[in-house]
Structure formats: structure tokens, C-alpha cells
Amino acid sequence: MTTVTEQSTHAPLSPAQMAERAKDIAGRAEEWVHRVRLSADGRWYERLHQDSDHEVWLLSWMPGQSTGFHDHGDASGAFAVALGALEERRITIARTVSAGQARAFGPGYVHDVGNISDAPAVSVHVYSPPLSVMNRYDLDDDGRLVQLAAESAGDW
């Protein structure tokens with residue numbers, strides 16, 4: 001399924017371990033850059049690896065593309081930017097994540113990630129355990145999260 005060299009630990013990875021794994025893979029562009037596709041219709045993504053303890057995804061982002069507010073269910077995760085820059089937004093704070101940087105988070109962490117630059121971006125995402133659900137949210141008029149939908153692994 002992948003050219004990215006991975007070893008299964010047969011146990012969930014910590015957010016710090018996932019961030020290191022995402023940064024490591026993001027830094028080895030020669031192993032995945034030929035797979036990247038850019039789509040004006042929406043974010044492009046491909047799973048690079050999956051086993052019982054974690055999975056790895058490669059994503060490309062055109063300017064203006066974003067995830068919307070979401071969480072990763074019971075999974076922890078991390079993402080590293082390989083090319084370009086992304087903005088991670090929480091309800092009250094936003095931060096830029098540039099090439100070579102990573103963000104890690106635990107279960108139930110709600111964020112919106114997007115490309116607010118004028119150039120494409122590429123990122124590597126690691127989740128442990130593998131994703132089984134993603135919950136989608138919107139903000140109500142009072143700035144509170146309202147769940148819109150729950151997507152299962154079969155939806156993507």
C-alpha cells in the first residue's frame with residue numbers, strides 16, 4: 001500500500017510520537033511527492049499506510065481549501081506540513097504551521113485546518129488508533145460548536 005517505511009508498534013502511538021513520525025515522513029518527499037495531486041475541486045488525500053495501531057495520510061491543499069471544524073473521534077493525531085503553510089484554527093485561536101513544523105493533539109480535539117496562503121500546500125497526517133469516525137461541527141451565533149454530522153471510515 002505504501003513506499004513509506006513504517007514499523008507497527010501494536011499499541012496506540014502518543015501524540016508526540018505521531019508528530020515525530022509525521023515530520024519524518026514529510027521530510028522524505030522523494031518517497032511520496034510523485035503521488036501528490038492538486039485539485040481545485042477540494043482537498044486531495046491518499047492513505048499511505050494503515051495497520052492496527054496507526055495510519056498515515058498525505059494531503060494537498062490549494063489556496064482557500066480547509067477542513068471545517070472537526071474532531072477525530074477517539075483517535076489522537078498529528079500533522080506536519082511538508083510544503084507551504086497551513087493555518088490551524090480553534091474556536092478562539094489560530095496559528096500558522098509552516099513547512100517542517102507539526103501539531104499534535106489528543107482525542108476529541110476540535111480544529112479547522114486550511115490553506116490561507118496563495119500557494120499550494122502539502123501535509124502528512126498520522127492518527128492512532130486509525131480513524132473510525134470524524135465529527136463535523138459549525139459555530140452557532142454565540143460562537144459555540146454545534147455538531148453537524150458524524151462520518152465513519154467507510155465515508156472516506
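The present account deals with the structure reproduced in this document. The residue count restarts for each chain, going from 1 along the sequence in the order it is written. Owing to the predicted nature of the model, reporting of local features is limited to residues with pLDDT of at least 70; listing and counting of side-chain atom pairs is limited to 80 or more, with chain, interface and lining totals taken over all residues. Excluded from the side-chain calculations are hydrogens and water; all other atoms, namely the structure's heavy atoms, are used.

Some words on the pairing of strand 11 (residues 145-152)
Argument step 1. At least two bridges found by DSSP between two strands are what make those strands a pair. Counting from the N terminus, the helices are DSSP H or I runs at least four residues long and the strands are E runs at least two residues long. Summarising the sheet, strand 10 (residues 133-139) and strand 11 pair through seven bridges and their orientation is antiparallel. Of the residues in strand 11, the one forming a bridge with Met-134 is Glu-151.
Argument step 2. Taken together, strand 10 and the strand that follows it, strand 11, pair antiparallel across an intervening segment of five residues, in which Gly-143 is found at a positive phi of about 80°.

What to know about unusual backbone geometry
Argument step 1. Going from Ser-128 to Pro-129, the amide bond is cis rather than trans, its omega being -10°.
Argument step 2. Among the secondary structure elements, Pro-129 is positioned in the loop between strand 9 (121-128) and strand 10.

Points about the packing of aromatic side chains
Argument step 1. Each aromatic pair joins two rings of Phe, Tyr and Trp (for Trp, the six-membered one) with centres within 6.5 Å, and gets the label stacked for planes under 30 degrees apart, edge-to-face for over 60, and tilted for any other angle. According to the stated counting rule, one finds two aromatic pairs in the structure shown.
Argument step 2. Aromatic side chains Phe-105 and Tyr-109 sit 5.0 Å apart centroid to centroid with 10° between the ring planes, which places their arrangement in the stacked category.
Argument step 3. Only protein chains enter the accessibility calculation, which uses a 1.4 Å probe. A residue is then buried if its area is under 20% of the maximum for its type, exposed if over 50%, and partly exposed in between. On the basis of relative accessibility, which here comes to 4%, the residue Phe-105 falls in the buried class.
Argument step 4. Residue Tyr-109 is classed as buried on the basis of its relative accessible area, which comes to 12%.

Thoughts on helix 1 (residues 15-26)
Argument step 1. When the terminal C-alpha atoms of helix 1 are compared, their 16 Å separation across 12 residues agrees well with the 16 Å that a helix rising 1.5 Å per residue should span.
Argument step 2. If you check which residues of helix 1 are buried, you get Met-18, Ala-19, Ala-22, Ile-25 and Ala-26. The buried residues of helix 1 occupy an angular sector of 135° when the element is viewed end-on, so they sit on one face. For helix 1, exposure combined with an orientation more than 90 degrees from the buried face picks out Ala-16 and Glu-20.
Argument step 3. Here, residues are in contact when the closest pair of their heavy atoms is within 4.5 Å. Considering only its buried residues, helix 1 is in contact with strand 1 (44-50), strand 2 (55-61), strand 4 (76-83), strand 7 (102-105) and strand 9. A helix is expected to reach a length of 1.5 Å times the quantity of its residues less one. For this quantity, the arc is that covered by the directions from the helix axis to the C-beta atoms.

Description of the sheet that holds strand 4
Argument step 1. With antiparallel pairing, five strands are arranged side by side in an open sheet as 1-2-9-4-7. The two strands at the open ends of the sheet, each matched to only one other strand, are strand 1 and strand 7. Within the sheet, the average angular offset between the axes of one strand and its neighbour, ignoring direction, is 15°.
Argument step 2. To define axes, lines are fitted to C-alpha atoms, for helices over the stretch in contact only, and angles between the resulting N-to-C directions are given on a 0 to 180 degree scale. Of the strands in this sheet, strand 1, strand 2, strand 4, strand 7 and strand 9 are in contact with helix 1, which crosses strand 4 at around 25°.

Describing the pairing of strand 10
Argument step 1. By the bridge criterion, two bridges tie strand 3 (residues 70-71) to strand 10 in an arrangement that is antiparallel. Note that in strand 10 the partner of His-70 across the bridge is Arg-136.

Observations regarding the nonpolar core
Argument step 1. Here, the term nonpolar core denotes a set of buried Ala, Val, Leu, Ile, Met, Phe, Trp, Tyr and Cys residues that are joined through side-chain atoms within 4.5 Å. Counting 18 residues, the largest nonpolar core has Ile-25, Trp-32, Val-56, Leu-58, Val-122 and Val-124 as its most contacted members.
Argument step 2. Within the second largest apolar cluster, 15 residues are counted, among which are Trp-57, Trp-61, Phe-79 and Val-97.

What to know about the sheet that holds strand 5 (residues 85-89)
Two strands in a sheet stick together by hydrogen bonds in their backbones, pointing the same way (parallel) or opposite ways (antiparallel).
Argument step 1. Ordered by their spatial adjacency, three strands build an open sheet running 6-5-8, and the pairing between neighbours is antiparallel. Of all strands in the sheet, those with a lone pairing partner are strand 6 (94-98) and strand 8 (112-114), marking the two edges. On average, each strand axis in the sheet is tilted by 25° relative to the strand beside it, whichever way the strands run.
Argument step 2. The pairing of strand 5 with strand 6 spans five bridges and is antiparallel. Paired with Glu-88 across the two strands is Arg-95, which belongs to strand 6.

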